[in-house]
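# Report on the structure
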Amino acid sequence: MKHMKVILTALAFAGLGAWGQEKLSETKQFPAPVNEAQDRFENDVETLDKAENQKAFGTRPKNVILFVGDGMGISTVTAARIFEGQLRGESGEENQLSFEKDAYVALSKVYNTNQQTPDSAGTMTAMMTGAKTKAGVISMNQNVLLGDVSTIQGNNLITFLEMAEIAGKSTGVISTARITHATPACCYAHTPHRDWEADSTKPAEASAVADIASQLIDFPYGNGIEVAMGGGRRYFLPKEKKDPENVNQTGSRNDKRDLTQDWVNKYPNAAFVYDEAGFAAIDPSKTDHLLGLFERSHMQYEADRANDTAGEPSLSEMTQKALDILERNEKGYFLMVEAGRIDHAHHEGNAYRALMDTVALDRAVEAVKERVDLNETLIIITADHSHVFTMGGYATRGNNILGVVVENDDRGLPGNPSKDANGHHYTTLGYHNGPGYRAEASDIEPEEALDPDFHQVAAVPLGSETHSGEDVAIFAFGPGAQLFRGVVEQSYIFHVMSRALQSGISF
Ligand SMILES: [Zn+2]
């Protein structure tokens, strides 16, 4: 079969290893591997041998690491796998992401107790407490009404992170979203409304409930959370105080509390950092409690991180620094790492940034798998929910995943760009709804589709694209990973993790 010519123009940027803001700028196809049939046959046999000889991992996990790709549904995983392979000049379809290789896999049912297509608060509450709840509610049970303080009495749910602290383990929370945003908040806070991130974002009648930012700092269990890193700095600083990075702006708290100072005052050997230099200067052997807030709101998308004024660490760098601190505890640790902005890029209908952030998660998992002892560390990678993001059209093998569809000709060889019923090009990737809606049908120039800021076409006009309700995948490694099989309720994840805490239990 005549090989297809491929030109990959890589725009190298500082960032994740050898790649950064590469842009798949050519509309040409990528070559399929030579002798592929033979390779796949051998790979399949090897995979089968491994499965047959797979020993139960170790006996008992001491550590648990939960990675959450916010909005990383299966269509996102598939497209990111191809994208990551094509960034390295491969065809992409045959690629494997680091969290796919040799993983135990199950499907997770993500609905909230009051919503078929969930939000991030109800889903993360299920993973962290073992109980599903209503959309928008943070680690409180389903008896609570959204934002209704009169319904909260006695409805708090203890979280896995709190249990780990009580068990004497070290704990950490990392997110590229605000550290007070729904997913990380479910690890350490309890509130009937996910928007109550600061005192200034809470209604007056909610004075009985502490805001999420202050709950992170005033955390009452064990010897306190060891590591918290992400965005959201404005909710930790009073409005009287200038922001350390964006000096023309201030904090947004009304209660005059500087929570970053409270953190440093509360813990021995504690530190607060807000930029790359401060982060790099942290000596993990001398730092017991690290708070890192690298943006006033969410951290940068991976695609834009290199443009950040003061610089901010990557998801993988934050994860490695956290492990440097957490591994010092002989009793073990629990770490939650969220790629929080896959979700945001999808809401904006921008596949490029969603895929770049998914590959950033892949890199973070890869570095962790290479570092930790899989005989004593359970690693779980999952999503809280999916998005109405789809991959379609009969694109030829190796077609640029961000590009317009190029079908095969009648001999099954790469043909010409396909045209829709209006005679227009269309892309492989698209959204069922969102800001990419086009009132007037219009053509998409092949190069246009490859622009990092391109919004894929959406069928239903909405200001923000929505989550979707289909199942998501759970990938697992280490002691207990073999318990992830079949189709499970999302809350099942909590039960596997908490079984790990029950000393003397071996999987
Ligand atoms: Zn979302």
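Residues numbered from 1 in each chain as written. Predicted model: local features only at pLDDT ≥ 70, side-chain atom pairs only at ≥ 80, totals over all residues. Heavy atoms only, no water.

## A closer look at the overall build of the protein chain
Definition in use: To qualify as a helix, a DSSP run of H or I must reach at least 4 residues; to qualify as a strand, a run of E must reach at least 2; elements of each kind are numbered from the N terminus. Burial classes: relative accessible area under 20% of the type maximum marks a residue as buried, over 50% as exposed, and values in between as partly exposed (1.4 Å probe, protein chains only). Should any heavy atoms of two residues lie within 4.5 Å, those residues are considered in contact. Values of accessible area rely on a 1.4 Å probe in the Shrake-Rupley scheme; residue burial ignores everything except the protein chains shown. The convention is simple: Lys and Arg are positive, Asp and Glu are negative, and His and the chain ends are not counted. Taken as the charge location is NZ of Lys, CZ of Arg, CG of Asp or CD of Glu.
What the protein chain contains, in helices and strands, is 13 helices and 17 strands. Its C-alpha atoms give the protein chain principal-axis dimensions of roughly 70 × 55 × 45 Å. Here the protein chain holds 507 residues, and 57% of them are scored as buried. A separation threshold of at least 6 residues defines the contact pool for the protein chain, and within that pool the share at least 24 residues apart is 70%. Total accessible area computed for the protein chain in this model is approximately 19900 Å², and 51% of it derives from carbon and sulfur atoms. Of the charged side chains in the protein chain, 45 are positive and 71 negative, and the gap between their average positions amounts to 4 Å.

## Notes on the environment of A351
Along the polypeptide, A351 turns up in helix 11 (residues 351-371). In this structure, the C-alpha to C-alpha distance between A351 and Q456, residues 105 residues apart in sequence, is 7.1 Å. Not counting residues within four places of it along the chain, the set of residues in contact with A351 comprises F389, L402, L429, Y431 and Q456.

## Some details on helix 13 (residues 492-501)
Judged by how many residues are buried, helix 13 sits mostly within the fold: 7 of 10 residues are covered. Taken together, the buried positions of helix 13 are occupied by I493, F494, V496, M497, S498, A500 and L501.

## Quick notes on the coordination of the zinc ion
Using the following cut-off: Only N, O and S atoms count as donors, using a 2.8 Å limit from the metal and a wider 3.2 Å limit for Na, K and Ca, and since water is excluded some coordination spheres may look unfilled. Here a site with four donors is tetrahedral if all angles are between 85 and 135 degrees, and a site with four or six donors is square planar or octahedral if opposite donors are over 155 degrees apart and the other angles are between 65 and 115; anything else gets the irregular label.
The protein atoms that coordinate the zinc ion are D343 (OD), D343 (OD), H347 (NE2) and H467 (NE2), at distances of 2.0 to 2.3 Å. Seen from the zinc ion, its 4 donor atoms lie at angles of 59 to 155 degrees, and the figure they make is irregular. Positions of the donor residues of the zinc ion, expressed as sequence spacing, correspond to D-x3-H-x119-H. One end of the pair, D343, is in helix 10 (residues 341-347); the other, H467, is in strand 15 (residues 467-468), with 124 residues separating them in the sequence.

## Describing the sheet that holds strand 13 (residues 429-434)
Put simply, the rule reads: By this definition, two strands are paired if DSSP reports at least two bridges between them. Throughout, an axis means a line fitted to C-alpha atoms (over the contacting stretch in the case of helices), and angles, computed between N-to-C directions, take values from 0 to 180 degrees.
With mixed pairing, 3 strands are arranged side by side in an open sheet as 10-13-14. Of all the strands in the sheet, the pair left with one neighbour each is strand 10 (389-391) and strand 14 (458-461). Taking each pair of neighbouring strands and ignoring which way they run, the sheet shows an average axis angle of 20 degrees. Of the strand pairs in this sheet, strand 13 and strand 14 are connected by 3 bridges, and their pairing is parallel. Paired with G434 across the strands is P461, a residue of strand 14. Here helix 2 (residues 74-87) sits on the sheet in contact with strand 10 and strand 13, set at roughly 50 degrees to strand 10.

## Overview of the domain arrangement of the protein chain
Rules: Domain delimitation follows an automatic or database domain assignment. Buried area: the accessible surface (1.4 Å probe) lost by two parts on joining, summed over both. Throughout this description, the term salt bridge denotes a Lys or Arg side-chain nitrogen within 4 Å of a carboxyl oxygen of Asp or Glu.
The assigned domain composition of the protein chain is domain 1 (64-388 + 472-501) and domain 2 (391-465). For domain 1 versus domain 2, the separation of C-alpha centres amounts to 33 Å. Domain 1 puts 20 residues into the contact, and the matching count from domain 2 is 21 residues. In this assembly, domain 1 packs against domain 2 so that about 1700 Å² is buried in total across both faces, 51% of it on carbon and sulfur atoms. Inspection of the domain 1/domain 2 interface yields 3 salt bridges.

## Focus on the nonpolar core
Formally: To qualify as a nonpolar core, a set must consist of buried Ala, Val, Leu, Ile, Met, Phe, Trp, Tyr and Cys residues joined through side-chain atoms within 4.5 Å.
Within the largest apolar cluster, 61 residues are counted, with the highest numbers of intra-cluster contacts made by F67, F83, F99, M229, I381 and L402. Ranked by residue count, the leading element in this core is helix 11, at 10 residues. Composition of this core by domain shows at least three residues from each of domain 1 (64-388 + 472-501) and domain 2 (391-465). Core analysis: the second largest hydrophobic core is formed by 50 residues, A164, A198, Y235 and A481 among them.

## Remarks on the sheet that holds strand 8 (residues 377-383)
Spatially, the 10 strands line up as an open sheet ordered 5-6-4-3-7-1-8-16-2-17, and their pairing is mixed. Both edges of this open sheet fall to strand 5 (270-273) and strand 17 (487-489), since each of them pairs with a single strand only. Across the sheet, the axes of successive neighbouring strands diverge by a mean angle of 15 degrees, strand direction being ignored. Where strand 4 (residues 227-231) lies against strand 6 (residues 289-293), 4 bridges are found, and the strand directions are parallel. Its bridge partner being in strand 6, M229 is matched across the sheet by G292. Across the sheet, helix 7 (residues 259-266) is in contact with strand 4, strand 5 and strand 6; its angle to strand 5 comes to roughly 160 degrees.

## Considering unusual backbone geometry
For S139, which is not glycine, the phi dihedral falls at a positive 50 degrees. Its place among the elements puts S139 in the loop between helix 3 (120-129) and helix 4 (160-166). By relative accessible area, which is 0% here, S139 ends up buried.

## Focus: the side chain of Q490
Its location among the elements puts Q490 in the loop between strand 17 and helix 13. For Q490, a relative accessible area of 0% corresponds to the buried category. Setting aside its immediate chain neighbours within four residues, Q490 contacts S108, K109, V110, T123, A126, M127, K132, A383 and D384.

## So, the pairing of strand 13
Of all 6 residues making up strand 13, 5 are buried, and the element is well covered by its neighbours. As judged from the 3 bridges shared by strand 10 and strand 13, these two strands associate in the antiparallel manner. For M391, the partnering residue across the bridge sits in strand 13 and is L429.

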